[in-house]
Amino acid sequence: MSDLFGENTKPVKAGKDNRPLSEKLRPQHLSEIIGQEQLLAKGAPIYEMVQNQSLSSMILWGPPGVGKTTIARLLAKEAGYEFLPISAVFSGVADLKKAFETAQTYQKMGKRTLLFVDEIHRFNRAQQDGFLPYVESGLVTLVGATTENPSFELNSALLSRARVFVLNALDEIALNQLLDRAEVHFNQENAFENDARAALIALCDGDGRYLLNLAGEILALNKGDKITAEQVLKFAQKKP
């Protein structure tokens, strides 16, 4: 596999599906999510909400790449809600107004709305207050995702109307399972040597999205040989 990271490696032609591997392998059911058993296992809070087909507003707090967005999407799908996503990074008052108008349209059709707000801590206090009447009235079930401590970043009034669930960084067992999925996707089972697996897992620091995307880039270039830790580290250093 001397040409995997060598100067003579030919560029990979773009295929029809250029999404990163983490998006290609995004779970389609809550049962497929790796990690977060404290929330998703039988008897756990989110599991029971889905079983009852009734969701409470909630804040998903955890580091990047642990499944916050995926959980929100699948909550809507499996509990029978319309999924309405916005990002606090790119959205303003006009976007929020439009989202609530859409939710009102769904309500008139007899449908429930899950409003997913990514990076919710980036909304200022006044914008956060804007959610209150719509959450209070039940027009939307709010699911906010944040990497910051909600106690410091979110209004107490909003927190009093939502449950806070903590998502953990993925442990070594979970990350190995994700790496198995990546190898199967490329039909390259056991492509990574044990030391290479350990190096890759150490690099991602509990971030499943980073692990899948980095592993996907490496496996896409692999010619079918065993991948070593040295090659993993060399490739990772080339990332911007």
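Bear in mind that the values here come from a model prediction, so they are computed numbers and not experimental data.

About the cut-offs
Residues numbered from 1 in each chain as written. Predicted model: local features only at pLDDT ≥ 70, side-chain atom pairs only at ≥ 80, totals over all residues. Heavy atoms only, no water. Pairing = 2+ DSSP bridges. Helix = DSSP H or I, 4+ residues; strand = E, 2+ residues; numbered from the N terminus. Axes fitted to C-alpha atoms, helices over the stretch in contact; angles between N-to-C directions. Contact = heavy atoms within 4.5 Å. Salt bridge = Lys/Arg side-chain N within 4 Å of Asp/Glu carboxyl O. Buried < 20%, exposed > 50% of the residue type's maximum accessible area, 1.4 Å probe, protein only. Expected span 1.5 Å × (residues − 1). Polar contact = N/O pair within 3.5 Å; in protein donor to acceptor, adjacent residues only side chain to side chain. Core = buried A, V, L, I, M, F, W, Y, C linked by side-chain atoms within 4.5 Å. Phe/Tyr/Trp six-rings, centres within 6.5 Å; stacked < 30°, edge-to-face > 60°.

Asker: Explain the sheet that holds strand 3 (residues 112–118) to me, and be specific about the residues and the numbers.
Answerer: Sheet architecture is open: five strands sit in the order 2-3-4-1-5, paired in parallel fashion. Every other strand in the sheet has two partners, leaving strand 2 (81–87) and strand 5 (163–166) as the edge strands with one partner each. On average, each strand axis in the sheet is tilted by 20 degrees relative to the strand beside it, whichever way the strands run. Bridge count for strand 1 (residues 58–61) against strand 4 (residues 140–146) is four bridges, and the pairing is parallel. In the strand pairing of strand 4, Met58 is matched with Val143. Strands in contact with helix 4 (residues 68–79) are strand 1, strand 2, strand 3 and strand 4; relative to strand 3, the strand with the most contacts, it is inclined by about 175 degrees. On top of the sheet, helix 5 (residues 93–108) reaches strand 2, strand 3 and strand 4; it is set at about 175 degrees to strand 2, its chief contact.

Asker: How would you explain the pattern of salt bridges if you had to name every residue and give the values?
Answerer: Going through the model one piece at a time under the given rule, you end up with eight salt bridges. Taking the shortest distance from any N to any O, the salt bridge between Asp180 and Arg197 comes out at 2.5 Å. Taken together, the positions of Asp180 in helix 10 (residues 172–185) and Arg197 in helix 11 (residues 194–204) put the pair 17 residues apart, joining distant regions of the chain. Classification of Asp180 as partly exposed rests on a relative accessible area of 36%. Relative accessible area serves as the criterion here: at 11%, Arg197 is assigned to the buried category. The partner of Glu183 in a salt bridge is Arg197, and the shortest N-O contact between them spans 3.0 Å. One end of the pair, Glu183, is in helix 10; the other, Arg197, is in helix 11, and 14 residues separate them in sequence. Both residues of the pair, Glu183 and Arg197, count as buried. Overlapping salt bridges, with partners in common, bring together Glu23, Arg26 and Arg73 in one network.

Asker: Please set out the environment of Tyr47 residue by residue, giving values where relevant.
Answerer: Within the fold, Tyr47 resides in helix 3 (residues 45–51). What makes Tyr47 partly exposed here is its relative accessible area of 24%. Along the chain, Tyr47 and Asp171 lie 124 residues apart, while their C-alpha atoms are 21 Å from each other. Non-local contacts of Tyr47, meaning those with residues more than four positions away in its chain, are made with Leu39, Leu40, Ala41 and Lys42.

Asker: With reference to specific residues and values, describe helix 12 (residues 208–221).
Answerer: Between its first and last C-alpha atoms helix 12 spans 20 Å; for 14 residues at 1.5 Å apiece the expected length is 20 Å, and the two agree. Taken together, the buried positions of helix 12 are occupied by Gly208, Leu211, Leu212, Asn213, Leu214, Ala215, Gly216, Ile218, Leu219 and Leu221. Its side-chain oxygen placed 3.0 Å from the backbone nitrogen of Arg209, Asp207 serves as the N-cap of helix 12.

Asker: Kindly report on the nonpolar core, identifying the contributing residues and their values.
Answerer: Ile46, Leu75, Phe192 and Leu211 are the most contacted members of the largest nonpolar core, which totals 51 residues. Among the elements that make up this core, the one with the highest residue count is helix 12 (seven residues). What Phe192 contacts, discounting residues up to four positions off in sequence, is Leu179, Glu183, Arg197, Leu200, Ala215, Ile218, Leu219, Ile227 and Val232. In terms of nonpolar packing, the next biggest core, distinct from the first, is built from 21 residues, Ile86, Ala103, Leu142 and Leu154 among them.

Asker: Give a description of the packing of aromatic side chains that names residues and reports values.
Answerer: Following the criterion strictly, the structure yields four aromatic pairs and no others. Here the aromatic rings of Phe100 and Phe131 are separated by 6.0 Å at their centres, their planes lie at 80 degrees, and the arrangement is edge-to-face. With a gap of 31 residues between them, Phe100 in helix 5 and Phe131 in the loop between helix 6 (125–129) and helix 7 (132–137) connect regions that are remote in the sequence. For Phe131, a relative accessible area of 1% gives the class buried.

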